[in-house]
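Notes for the structure review
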Amino acid sequence: MNILSKFLTPSRVLVVGFALLILFGTLLLTLPQATQDGLGLPFLNATFTATSAVCACSEKEKSSKF
């Protein structure tokens, strides 16, 4: 068993995956092209929106399987 497989447990992969998706969404929402006024969202608003989007999409996926 190598060091990488000890560090990357399934639960850590899930948490890191969510965090990376939220960070990527936040960065995209802060770009000027993301808003009509061309200023981009403030970082905190972008983070909130990205977090909501990632969590809502994962809930939709879970509910559609049942």
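Please read these numbers as outputs of a predicted model, since none were measured by experiment.

**Remarks on the overall build of the protein**
- Secondary structure summary: the protein contains three helices and zero strands in total.
- Going residue by residue from the N terminus, the α and β elements of the protein occur as α-α-α.
- Counting the 66 residues in the protein, one finds 11% classified as buried.
- Here the protein displays about 5500 Å² of accessible surface, and carbon together with sulfur accounts for 73% of that area.

**Topic: the confidence of the model for the protein**
- Mean pLDDT over the protein: 87, with 85% of residues reaching 70 or higher.
- Across the protein, element-level confidence peaks in helix α2 (residues 10-29) with a mean pLDDT of 94 and bottoms out in helix α1 (residues 3-7) with 77.

Procedures and definitions
- Residues numbered from 1 in each chain as written.
- Predicted model: local features only at pLDDT ≥ 70, side-chain atom pairs only at ≥ 80, totals over all residues.
- Heavy atoms only, no water.
- Helix = DSSP H or I, 4+ residues; strand = E, 2+ residues; numbered from the N terminus.
- Buried < 20%, exposed > 50% of the residue type's maximum accessible area, 1.4 Å probe, protein only.
- Areas by Shrake-Rupley, 256 points an atom, 1.4 Å probe, with all protein chains shown as cover.
- pLDDT = per-residue confidence, 0-100.

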